[in-house]
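Commentary on secondary and tertiary structure
One letter stands for each residue in the lines below.
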Amino acid sequence: MLEARLSQASILKKIVESVKDLVSQANFDCSESGISFQAMDESNIALSSFLLRSDGFDPYRCDRNLSLGIKFSTLSKILKCAGNDDVVIIKYEDDNDILSLVFKDQKNERISEFSIKLLDIDSEYLSIPEQEFECNVSMSSSEFSRICRDLMTIGSSVVIDATKEGVKFSSTGDEGNGSVLLKQSPSIDDDGRKTVGTTVNMTEPVSLELSLKYLNNFTKASPLSDSVLINMSNGIPVLFQFNVGDIGYIRYFLAPQIKDDE
Amino acid sequence: MYFPNRKFTINFFQLAKHPKPFTPEARDKDVSVLIKKRKTLEDDDSNNIKSENDTQLNSQVEKHKRDSKESSPDIPEDKLSFQKYNFFNETFKKSSDLLKVAPDYEGIELGVGETVLMKAIASATGKNLNRVKSESEKLGDLGEVAMAFRLNQKTLFPLPDLTIDKVFDTFHEISATSGSSSQQKKVEKISSLIVSGKNSESKYIVRSLEGKLRIGLAEKTVLSALGRAFVTYKAVGKTPTTEQLTEAIETIKHVYTQLPNYKILITNLIEHGIKNLEDVCKLIPGIPVKPMLAHPTKSVTEVLNRFENMNFTCEYKYDGERIQIHKSKDIGSISFSRNSENTTDKYKDIISKSDQFCASHTESFIIDAEVVAWDVSKKCILPFQVLSTRKRKDVKENEISVQVCLFVFDILFLNGESLLQKPLNARRDLLKEAFILVPGLFQFAISKDLRSVDEIQNFLEESIAVVVGAYTGRGKRTGVYGGFLLACYDPDREEYQSICKIGTGFSEEDLDNFKKILEPLTINQPKSYYSYGDSTKPDVWFEPSQVWEVKAADLSISPVYKAAIGIISEDKGISLRFPRFLRIRDDKSPEECTSSSQIADMFESQNLNTAS
């Protein structure tokens, strides 16, 4: 059986909102170490995965490894019934095809209970090897959203060029071109307050072209985290990671487009 | 970062990469001759088999071509193993026509529209729908769009190669998808194929789904290739002789006309070999035979030469729809259209009455007929336009307002026996023994057996008319006149009366010639003594000078044309139907052309039981 209590429903809400337009369903893998899923979009271009470690729940109990097939649109509808500050308790009884969700408000005066029919999803688990990237960029997630949104008005893809100077996003369209350059900047502003700066750590300059349609999907995870980590190497999929506090993360992998000059 | 991969085999669009298999025969459909090219009467030439008739000339041409030049390196037949034929035959059947997932008569269609394809391309390649639309306008071919977008975007994991089975099965699933959110399901299925497409595969998948493969491959080529491949395969390393190839190809074409089902044909071919194919693959009620169609010819002379010193038969071409009726214990009574589509539901009113016209000893049969709309009270044939108002689907017998009558002209199968090897006169005799004439329901087509070509004249209406105007040519006929308005002369009223538009029977040379002759005769206004309907007003008018001899199928009353107006009907004229140009008559003056009263006589003497 599984029983996991999450003190803030908003975390789960945001996670589901950030993937539901990309993939329609996924198997939630639950184990002693936590809850995770991995799902590829049908075009095989993007993959999203998330992990919430068991220490992010209180309490957390999972007797044996489980794989629970869930449709995101259903889960999203049900989570809309929860208040942002509600406590969520996820429960699963063995040999059942139902997952139940209990929402309690902070005063413990309002308790709602929902259940979701589980699906039998036939998907292959793809093991993604951890690897070193040629270039690691860290930047403000809201800045990243804004750039993707702005460039979408110009073209359908964006070229990301990372150099020692900074990271440049540029887009070409039928009616014009546009680019945004972010120079490396400290994480403390002039008044000494903490902000999210831009850092670029690299062994090689990297240049990749990516579909903006997907990036604008990924930016829906921005509310989860102030910053986004972009890990890139030339010619291979890019990893975008949004950390969920210190209890987990949501990751997106995106296959690059083939640039005309390649 | 790229992850382990499952390896599949079979190079999918092998064939499509070779865009020029055989030279397609030139298709000339200028004059469609109304005499049905039927089997000659006292025919002892047994390869002149009914269904094959129309392909025979062509295949001879093809044979000749093959002998003289190519050894066909274009089709990599040895690379294609036989299991794959099921797929490419059934799927890549026609380049310009519909690509099929099943034999015609099963009525299974893909049912994929442009919007569905565009959505699938967008979702498979990570583009917006608008991008797909705009690119499609630019490139003019969704297949190209799919390929360009697909090749432009990497995937996270290398995808398994597409197999023929996988594509074919998916096509089947798509055609079987129906009901709620079927569009979405189709999009997903198509998208999954496009995603897996390597190189140009996505292009051909999309084109296949569109029903336009555009590789210049006709069904006949596929049949030829099948025969050729089988013989080459059996020869194991040796080169088969031309005779062997020709024989195999002819056998396959022949069998296919009788049993248009690749699955059955190929299964039997592999199991029983080419020698026994004709014995195992026979005509059976329930599977429509490819109908014998009229053979297009360039000129009437060609037809006349063919029938010289022969006995032949002429038949009326009834103004209806071709129908093939099958009956046996196993299948009951069913009917098929010219395109082998099942039309049992549409014509259930006559099909269900088959007991009325079958003789007592007739148990199973396949007959070939024309179904026409029938006026029950006047006991006459109604025009095709009336027939076409009948419902096609979900017909309720008591709601049928347009009654129909069958005009039967051939029998292909009777009481368990194929009649295809029998000559037409024997088949006709059997037809008349096996069925009972039921006026207004089941009639035999009126025919005439003739010995000399001159006698055909009685079947065709010939007249001489004056060119009074022309229509600007479009398409192929750009720069010359595309059609002409003809008129006959009424000496009583001293006027030229429009009789028909004519657009067939001309060679390109003729058209160039007419341009030269007629252009100087152009006048700005029609002559005051031209009588014509506004809807037939030509683009240019001419002086009455050019006289042509034309032949027509028959004459009919027309509210549009003015010939013989006031003679047969107060306010309606007579028109020539399906007129064909024969020759210029320099020897006649415009006033000497067929007169209105002659036209009226011809109309009245038309011995047809059509409505008047």
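Residues numbered from 1 in each chain as written. Chains lettered and ligands numbered in written order. Predicted model: local features only at pLDDT ≥ 70, side-chain atom pairs only at ≥ 80, totals over all residues.

Heads up, the condition is: UniProt positions are given in the numbering used here, feature names are shortened, and annotations may be inferred rather than shown by experiment.
The name an unreviewed UniProt entry gives chain B is DNA ligase, with Smittium mucronatum as the organism. Per UniProt, chain B has the following entry under Catalytic activity (unreviewed entry): "ATP + (deoxyribonucleotide)n-3'-hydroxyl + 5'-phospho-(deoxyribonucleotide)m = (deoxyribonucleotide)n+m + AMP + diphosphate." According to the UniProt record, the Sequence similarities (unreviewed entry) comment for chain B reads "Belongs to the ATP-dependent DNA ligase family."

Where an unreviewed UniProt entry is consulted, chain A appears under the name DNA sliding clamp PCNA, with the organism given as Smittium mucronatum. Heading Function (unreviewed entry) of the UniProt record for chain A holds this comment: "This protein is an auxiliary protein of DNA polymerase delta and is involved in the control of eukaryotic DNA replication by increasing the polymerase's processivity during elongation of the leading strand."

1. Some thoughts on the pairing of strand β16 (residues 227-232) of chain A
Residue and element names in this part refer to chain A. This is how the line gets drawn: Here exposure depends only on C-beta density: within 10 Å of a residue's C-beta, 20 or more other C-beta atoms make it buried, 12 or fewer make it exposed, and intermediate numbers make it partly exposed, the C-beta atoms being placed from the backbone. The helix count covers DSSP runs of H or I at least four residues long, the strand count covers runs of E at least two residues long, and both are numbered beginning at the N terminus. Think of it this way: DSSP has to see at least two bridges between two strands before they count as a pair.
Among the six residues that make up β16, five are buried, leaving the element largely enclosed by the rest of the structure. Of the strand pairs in this sheet, strand β10 (residues 135-140) and β16 are connected by six bridges, and their pairing is antiparallel. Within the sheet, the bridge partner assigned to S138 lies in β16 and is L229. Sheet analysis places β16 next to strand β17 (residues 238-244), joined by three bridges and oriented antiparallel. Residue pairing across strands places L229 opposite Q241, the latter belonging to β17. If you look at the hairpin formed by β16 and β17, you'll find five residues sitting between the two strands, and G235 has a positive phi there, around 80°.

2. Description of the nonpolar core
Our working definition: Here, a nonpolar core denotes buried Ala, Val, Leu, Ile, Met, Phe, Trp, Tyr and Cys residues that are linked to one another through C-beta atoms within 7 Å. Annotation comment: domain bounds sourced from an automatic or database domain assignment.
Ranked by internal contacts, the top residues of the largest apolar core, which has 72 residues, are M232 and L254 of chain A. Here the element with the most residues in this core is helix α1 (residues 9-19) of chain A; it accounts for six residues. Mapping this core onto the domain boundaries places at least three of its residues in each of domain 1 (2-117) and domain 2 (135-254) of chain A. Counting 41 residues, the second-largest nonpolar core is a separate cluster that includes V468, Y489, F514 and I599 of chain B.

3. Quick look at the packing of helix α3 (residues 114-125) of chain B against helix α7 (residues 182-196) of chain B
All names here are of chain B. Put simply, the rule reads: All axes are obtained by fitting lines to C-alpha atoms, using only the stretch in contact for helices, and the reported angles, taken between N-to-C directions, cover 0 to 180 degrees. When an angle is under 35 degrees it counts as roughly parallel; over 145 it counts as roughly antiparallel; between 65 and 115 it counts as roughly perpendicular; any other value is oblique. Each crossing gets its handedness from the near helix: less than a right angle anticlockwise from the far helix is left-handed, clockwise is right-handed. Here the contact rule is simple: place C-beta atoms from the backbone, and any two residues whose C-beta atoms are within 7 Å are in contact.
Orientation of α3 relative to α7, taken along the N-to-C sense of each, is 50°, at an axis distance of 8 Å. Considering their axes alone, α3 and α7 lie oblique with respect to each other. Helix-helix and strand crossings are classified by hand; for α3 and α7 the assignment is right-handed. Counted together, V116, L117, K119, A120, I121, S123 and A124 of α3 and Q183, K186, V187, I190, S191, I194 and V195 of α7 form the full contact between these two elements.

4. Description of the packing of α1 of chain A against helix α2 (residues 72-79) of chain A
Residue and element names in this part refer to chain A. Rule in force here: In this classification, Asp, Glu, Lys and Arg are treated as charged, Ala, Val, Leu, Ile, Met, Phe, Trp, Tyr, Cys and Pro as nonpolar, and every other residue, Gly included, as polar.
One way to put it is that α1 packs onto α2 with a least axis distance of 10 Å and a crossing angle of 145°. Crossing of α1 over α2 shows left-handed handedness. Residues A9, L12, K13, V16, E17 and V19 of α1 pack against F72, L75, S76 and L79 of α2. The residue makeup of the contact of α1 with α2, split by class, is seven nonpolar, one polar and two charged.

5. Describing the sheet that holds strand β15 (residues 206-211) of chain A
Residue and element names in this part refer to chain A. On the basis of which strands lie adjacent, the open sheet formed by four strands has the order β13-β12-β11-β15 and antiparallel pairing. The open sheet is flanked by β13 (177-183) and β15, the only strands paired with a single partner. For this sheet, the mean inter-axis angle between neighbouring strands, taken without regard to orientation, is 15°. Pairing geometry for strand β12 (residues 166-172) and β13, over seven bridges, is antiparallel. The partner of G166 across the bridge, within β13, is K183.

6. A word on the interface of chain A and chain B
With 19 residues of chain A at the contact, the number on the chain B side is 21 residues. A per-class count over the side of chain A that touches chain B returns eleven nonpolar, six polar and two charged.

7. Observations concerning helix α3 (residues 141-152) of chain A
Residues and elements named next belong to chain A. Selection rule: Take the number of residues in a helix, subtract one, and multiply by 1.5 Å to get its expected span. The arc in question is traced by the directions running from the helix axis to the C-beta atoms.
For α3, spanning twelve residues, the distance from its first C-alpha to its last is 17 Å, which sits close to the expected 16 Å at 1.5 Å a residue. Along α3, the positions that sit buried rather than exposed are S141, F144, I147, C148 and L151. The buried residues of α3 all sit within an arc of 120° when viewed along its axis, so they share a single face.

8. Section: the sheet that holds strand β8 (residues 98-104) of chain A
All names here are of chain A. Spatially, β5-β1-β7-β8-β9 is the arrangement adopted by the five strands of the open sheet, whose pairing is antiparallel. One side of each edge strand has no neighbouring strand; the edge strands of this open sheet are β5 (60-62) and β9 (111-117). Sheet twist, expressed as the average angle between the axes of neighbouring strands with direction ignored, equals 15°. Across three bridges, the pairing between strand β1 (residues 2-6) and β5 is antiparallel. Paired with A4 across the strands is Y60, a residue of β5.

9. Regarding unusual backbone geometry
Residue P59 of chain A is bonded to the preceding D58 of chain A through a cis peptide linkage, with omega at -5°. Positive phi, normally seen in glycine, also occurs at D95 of chain A, with a value near 55°. With respect to the helices and strands, the residue D95 of chain A is situated in the loop between β7 (87-92) and β8. In this structure, K379 of chain B takes a positive phi of about 55° despite not being glycine.

10. Some thoughts on the environment of C593 of chain B
Residues and elements named next belong to chain B. When you line up the elements, C593 lands in the loop between β21 (580-584) and α19 (596-605). C-beta crowding within 10 Å serves as the criterion here: with 23 such atoms nearby, C593 is assigned to the buried category. Sequence separation of C593 and A487 is 106 residues, and the distance between their C-alpha atoms is 9.0 Å. In this structure C593 touches I464, A465, V466, C488, Y489, V547 and K588, once residues within four positions along its chain are discounted.

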